[in-house]
Amino acid sequence: MHLTGPRYSLLRVIGLMTLVLVFLSSCSEQRRTVVRNYPPNKPFVYSNKINLTGTNLTKDEKKRLSTELENYWDDSLQVQKIQQFGFFYKIRKPPVFDSTNIYRSVNFMNAYLNAQGYFYPQLQDSVFTDTLRDQIRTHVIMNIDVGKNVTIDSVSYDLTDSSLAQLTRANIQESLLKKGKPYTKQVISDDLERLTKLYRQNGYFKLTRDDLKAVVDTVDTKLLTLTLDPFKQAELIAENARKRKENPAWDISIQNRPITDSSKLTRFYIGNIFYYPDTRLYDIPDTLLKQKNFTEQVFRSGTMRYRKNLFRYRPMREHTYLTRGELYNENDFYKSINTLGQINAWQQVDAITKTRGKDSLDIHFFLVPAIRQSFSVDLEGSRNSADVVTGNTLGISTSLTYSNKNVWKQAIQSLANIRTGIEVNLLQQNDNPLLQTFQVSAGHTYIFPRIIQPFGNWRSLRSAENKRTLFAINGAYVDRRTYYQIRSLATSWGYEWRIPKPTGDNIWLYKPLNVELYGITRLPGLELLIKNNPFLKASFNEGNIVSQTLSFIKTINSLKRPNTSHYIRVGIEEAGGLFGLLPGLKNNIYRYMKLEAEYRKLSRFRKTELAYRAFAGVGYNYSNSAQIGRTLPFFKQFIAGGPYSMRAWGLRQLGLGSSIFSDTVNSTYRDRFGDMQLEFNFEYRFPIVNFGSFKISSAAFADIGNIWNVKKNNDDPESRFAIKNLARDLAIGVGTGLRFDFSYFLIRFDLAYRVKDPAREYNNGWMSFRNFVWSETRSSGLKVNNLALQFGIGLPF
């Protein structure tokens, strides 16, 4: 195929740009670096480099040490390189080279390596210069052999207080100091922090980190043996030096410092708990403790002091994890502050502790109320080239929202919303009236700051945070002139809670009851549309939903690999399992199961990021009712394409499988919905240029996936999922884009090309490099673009 005209010119421009980029990438970094404001005819620091070697040094450890050591060059040897446009570098005001600064860098690096457990490193510097006109560029290289990492030979906890010693032994399995593990100052510090938290979680309120110490013994006990033979003593010293270099190992003893204040070894118990629910922002806590003009309500578990009767006691008590008479637990203290702060009724929560008597600790919570009531009005506009009918429409809608953050004085949040809108036909084509669509909806949501259920407290949720009960009801009416009228009523009751973990959070959302009632009146225009497009019939079936859903979200931030994060989401929805057995509801409600699973991984490097995403979803309608169809309701089905999915395809324009059933030139409705979806996404993200807080970056990405039906359709057999056809059915798109990061939001433009299109009728769906085309015409006469430009807000995943 020969390419001519504007597209050929565009292809040449893109090809030329690609050659330029390849050429720039092949040039050395030195050729792509410009130096500004340098001292002429004087040696200046142009580059520095660290070469790291060591015995049994793993790849990850070498990478970590190399990255950290870059921060320990002396300031006068630091090179501030600024990357520009992704390829070029600029050095501004490089420092004059002074050899004495190398020795300071050696000391800094040696101290850092000692802190990491490398006590016998060998550092050797190397310096050379090259000249470019009046530039004397100095290159500094530091060759470091870190030697062997010191290991821990033995660990002992020698505490003078018997209660502390017993508590320590009971939790010895949580110790971070293990025999044979690498010795570092950080691991010792972390273990001392662990012990401090352990003690303060068990009543030792006054005991602090400064009351503990670690004693490290590096002396070989054989050297303490008395001998009158000087040659034997020299032999012992030499043998010890050899062993210390070949296999250095030290003994660690955790001890408490001499304690003169006996209260530090006293275990404190929770005394009185006071709440100040109407604290003002400018109030000083210590001053409030002395004031006498409060109204007090005394309860068995605590006391509420207030000026105005704005809150009930219950929401505060239910979100406090401290109990009168129990041992003080610092973890529960801060957990109570954070949990109370998550209730929208208060904008700020603080607390102080006061000792009373010998071993009692009173807690005072100060809660600053948020603005109780607020209103908001939104006006939205949209323009749409309709898929169902030919036309050009303008939509205008407005909504009024009322929020109350303290309903019935119980810190219950209430949200009420009224929304109305119209859609008008700008061109009035095909004798369509000016007013195309009218819609109105109203909804109300209550968010209760606790779990409400009739079976008593769920013990498994005692450690959970941010526990909420959600009740929502929403009604809507849509009048699509000459086509249909839809009436809907939806209500749900659900629970949400969060369980914190050391490496992330587990978030659960369970809706035991979700009811969605729909009524549709088909008008003559819709009947004619279905007659011309039979596959639309299932999209406008009338049916209701009675379901329950369970969602689980887990975030993982590895302590060993802080630059790597994981995100896992699993969801399940079941509809009609019990209610569908009732004779009166059997053919009126959908009966299906729907499962979703998503996994994301983000690996951050020094300047770049590598992101992965995998998604799988399947739904199965097991009712087989001819009245409501054999698939999921279309508003519950999966879609692919658009700025957040398969970016080489438009929204809802990919699938089903290898089907071309919808690719008919006579059909104006080509949206695709499926009961199953598989998708895999990969992105390599890299910066281009920064202007202060404004950043421009880019990404190279690939999207793989499709949607299918799970039941056989005799009219469209290629739309059904089959393992044997998976390779044929998977679509592949690749591309790149620009991201404009304004710190508070990000705008994204992605350009993607269809490398493999299952609906492509030649070359097994693969693109042809030899006969490359931007668009192609299918056998049905439909013209399809292979290149898509997507606009999105935020990252795709």
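A brief look at the structure comes next. (Residues numbered from 1 in each chain as written. Predicted model: local features only at pLDDT ≥ 70, side-chain atom pairs only at ≥ 80, totals over all residues. Heavy atoms only, no water.)

1. Comments concerning the overall build of the chain
Quick reminder of the rule: Helix and strand assignments follow DSSP, with helices taken as H or I runs no shorter than four residues and strands as E runs no shorter than two, numbered in order from the N terminus. Working definition: with a 1.4 Å probe on protein chains only, accessible area under 20% of the residue-type maximum means buried, over 50% means exposed, and in between means partly exposed. Any two residues whose heavy atoms approach within 4.5 Å are treated as being in contact.
Helix and strand counts for the chain come out as 11 helices and 32 strands. Each of the 797 residues in the chain was classed as buried or not, and the buried ones make up 43%. Across the chain, contacts joining residues at least 24 apart in sequence account for 64% of those joining residues at least 6 apart.

2. Quick word on empty space enclosed by the protein
Filter applied, for reference: Cavities and pockets were defined on a 1 Å grid built over protein atoms only: a cavity is a set of grid points that admits a 1.4 Å probe from which the probe cannot escape, a pocket is an open set flanked by protein on both sides within 12 Å along at least five of seven lines, and lining residues are those with an atom within 4 Å of any such point. Grid points are joined across faces, edges and corners, and a volume is the space filled by probe spheres set on the points. Charged residues are taken to be Asp, Glu, Lys and Arg, nonpolar residues to be Ala, Val, Leu, Ile, Met, Phe, Trp, Tyr, Cys and Pro, and polar residues to be all remaining types, Gly included.
Taken as a whole and assessed by the stated rule, the structure comprises 1 cavity of 30 Å³ or more. As for the largest cavity, its lining consists of Y753, R760, Y762, M767, S768, N771, F772, V773, E776 and N786. Looking at the lining of the largest cavity residue by residue, the classes come out as 5 nonpolar, 3 polar and 2 charged.

3. Thoughts on the packing of helix α4 (residues 162-170) against helix α5 (residues 185-200)
What counts, and what does not: To obtain each axis, a line is fitted to C-alpha atoms, and for helices this fit is confined to the stretch in contact; angles are then taken between N-to-C directions over 0 to 180 degrees. Here the word oblique covers every angle except those under 35 degrees (roughly parallel), over 145 (roughly antiparallel) and from 65 to 115 (roughly perpendicular). Two helices crossing with the near one rotated counterclockwise from the far one by less than a right angle form a left-handed crossing, whereas a clockwise rotation gives a right-handed crossing.
Put simply, α4 and α5 touch, their axes get as near as 11 Å, and they point 115° apart. When the interaxial angle is binned, α4 and α5 end up roughly perpendicular. α4 and α5 meet at a crossing whose hand is right-handed. Here L164, L167 and T168 of α4 lie close against α5, whose contacting residues are L195, L198 and Y199. Of the residues belonging to the contact of α4 with α5, the class tally is 5 nonpolar, 1 polar and no charged.

4. Quick word on the sheet that holds strand β2 (residues 43-53)
The following threshold applies: Pairing between two strands requires that DSSP report at least two bridges joining them.
Taken in spatial order, the 3 strands make up an open sheet running β2-β6-β5, and their pairing is mixed. Two strands close off the open sheet at either side, each with one partner strand: β2 and β5 (122-132). For this sheet, the mean inter-axis angle between neighbouring strands, taken without regard to orientation, is 20°. Pairing analysis gives 10 bridges linking β2 to strand β6 (residues 135-145), with the strands arranged parallel. Bridge pairing in β6 links S47 to H139. Seen against the sheet, helix α2 (residues 59-69) touches β2 and β6 and runs at an angle of roughly 155° to β2. Helix-sheet contacts for helix α3 (residues 100-115) involve β2, β5 and β6, and the interaxial angle to β6 is about 30°.

5. Notes on the pairing of strand β11 (residues 295-298)
Sheet analysis places β11 next to strand β12 (residues 303-306), joined by 4 bridges and oriented antiparallel. Across the sheet, the residue bridging to Q297 is M304, located in β12. Hairpin remark: β11 followed by β12, antiparallel, with 4 residues in the connecting loop.

6. Comments concerning the side chain of R305
Stated precisely, the cut-off is as follows: What qualifies as a polar contact is a pair of N or O atoms within 3.5 Å, subject to a donor-acceptor requirement within protein and to the restriction that residues adjacent in sequence count only when both atoms come from side chains.
Inspection of the secondary structure assignment puts R305 in strand β12. Using a relative accessible area of 15% as the deciding quantity, one classes R305 as buried. Polar side-chain contacts of R305 include one of 2.8 Å to the side chain of Y276. Among all residues touching R305, those that are not within four sequence positions of it are F274, Y275, Y276, P277, D278, L289, F294, T295 and E296.

7. A word on the sheet that holds β11
The strand order across the open sheet formed by 5 strands is β11-β12-β10-β14-β13, and the pairing between neighbours is mixed. Only two strands of the sheet have a single neighbouring strand rather than two, namely β11 and β13 (346-356). With strand direction ignored, the average angle separating the axes of adjacent strands in the sheet is 20°. Both strand β10 (residues 269-276) and β12 contribute to a ladder of 2 bridges, which runs parallel. Looking at the pairing, F274 lines up with T303 of β12. Contacts from helix α9 (residues 330-341) reach β13 and β14 (360-369), with the element oriented near 155° to β13.

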